[in-house]
Amino acid sequence: MHAWTYLWIAIALEVAGTTCMKFSEGFTRLLPSVLIFVFYAGAFTALTLALKRLDVGLVYAIWAGVGTVLIAIIGVLFFREPVTLLRVSCIGLIVLGVVGLSLAGEHS
């Protein structure tokens, strides 16, 4: 499988694991609590496979940045977290940072 595919799988699994953290209600609900570990094990496995062919700085920046943006969106859509100008601006800065690092990685 292509390294970039592993990276996108890692991001999806990390986001699923983080979402399960919220649903676990502090490890008081069994299924979401177990799924946290399942999803994170899969995320780290896929991330490790992506790192076989891609630079660690680029991979980690994309993994963390995209994951953060997706979790922020999930927080707003599913957990009714507030949308403020400051939050949207900060998410925009994360996106700019990930794009910048991706472009820098292509030119090195």
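Residues numbered from 1 in each chain as written. Predicted model: local features only at pLDDT ≥ 70, side-chain atom pairs only at ≥ 80, totals over all residues. Heavy atoms only, no water.

**Topic: the packing of helix H1 (residues 3–23) against helix H3 (residues 56–79)**
Line of reasoning, step 1. Direction vectors running N to C along H1 and H3 enclose 40°, while the axes themselves pass 9 Å from each other. By the angle between their directions, the pair H1 and H3 is classed as oblique. Crossing handedness for the pair H1 and H3: right-handed. Every residue of H3 that contacts H1 at Trp 4, Leu 7, Trp 8, Ala 10, Ile 11, Glu 14, Val 15, Thr 18, Thr 19, Lys 22 and Phe 23 is listed here: Leu 58, Val 59, Ile 62, Trp 63, Val 66, Gly 67, Leu 70, Ile 71, Ile 74 and Phe 79.
Line of reasoning, step 2. Grouping the constituent residues of the contact of H1 with H3 by class yields 16 nonpolar, three polar and two charged. (Axes fitted to C-alpha atoms, helices over the stretch in contact; angles between N-to-C directions. Helix = DSSP H or I, 4+ residues; strand = E, 2+ residues; numbered from the N terminus. Parallel < 35°, antiparallel > 145°, perpendicular 65-115°, else oblique. Left-handed = near helix turned anticlockwise from the far one by under 90°. Contact = heavy atoms within 4.5 Å. Nonpolar A, V, L, I, M, F, W, Y, C, P; charged D, E, K, R; others polar.)

**Regarding the nonpolar core**
Line of reasoning, step 1. Counting 15 residues, the largest nonpolar core has Leu 7, Ala 10, Ile 11, Leu 47, Val 59, Ile 62 and Trp 63 as its most contacted members.
Line of reasoning, step 2. If sequence neighbours within four positions are ignored, Leu 7 has contacts with Leu 47, Ala 50, Val 59, Ile 62 and Trp 63. (Core = buried A, V, L, I, M, F, W, Y, C linked by side-chain atoms within 4.5 Å. Buried < 20%, exposed > 50% of the residue type's maximum accessible area, 1.4 Å probe, protein only.)

**A word on the environment of Thr 5**
Line of reasoning, step 1. On the secondary structure map, Thr 5 appears in helix H1.
Line of reasoning, step 2. Looking at Thr 5, the relative accessible area reads 34%, which means it is partly exposed.
Line of reasoning, step 3. In the structure, Thr 5 is positioned 41 residues away from Ala 46 in sequence and 8.8 Å away in space, judged by C-alpha atoms.

**A word on the packing of aromatic side chains**
Line of reasoning, step 1. Overall, the coordinates contain five aromatic pairs when judged by the stated rule.
Line of reasoning, step 2. Summarising the aromatic geometry, the rings of Tyr 40 and Phe 44 are spaced 6.0 Å apart at their centres and angled 40° between planes, so their arrangement reads as tilted. With a gap of four residues between them, Tyr 40 and Phe 44 both fall in helix H2 (residues 30–50), about one helical turn apart.
Line of reasoning, step 3. Look at Tyr 40 and you get buried, because its relative accessible area is 17%. (Phe/Tyr/Trp six-rings, centres within 6.5 Å; stacked < 30°, edge-to-face > 60°.)

**A few points about H1**
Line of reasoning, step 1. The first and last C-alpha atoms of H1 sit 30 Å apart over 21 residues, in line with the 30 Å expected at 1.5 Å per residue.
Line of reasoning, step 2. Within the span of H1, buried status applies to Ala 3, Leu 7, Ala 10, Ile 11, Glu 14, Val 15, Gly 17, Thr 18, Thr 19 and Cys 20.
Line of reasoning, step 3. In this structure, the buried side of H1 is in contact with H2 and H3.
Line of reasoning, step 4. Looking at the residues trailing H1, positive phi occurs at Glu 25, about 50°. (Expected span 1.5 Å × (residues − 1).)

**A word on the packing of H1 against H2**
Two numbers describe a pair of packed helices, the interaxial angle and the distance between the axes.
Line of reasoning, step 1. Two elements in contact, H1 and H2, have axes separated by 7 Å at closest approach and are oriented at 160°. With respect to H2, the element H1 is oriented roughly antiparallel. The crossing of H1 and H2 is left-handed.
Line of reasoning, step 2. Grouping the constituent residues of the contact of H1 with H2 by class yields 20 nonpolar, three polar and one charged.

Function cannot be inferred from these measures alone, as they are strictly geometric.
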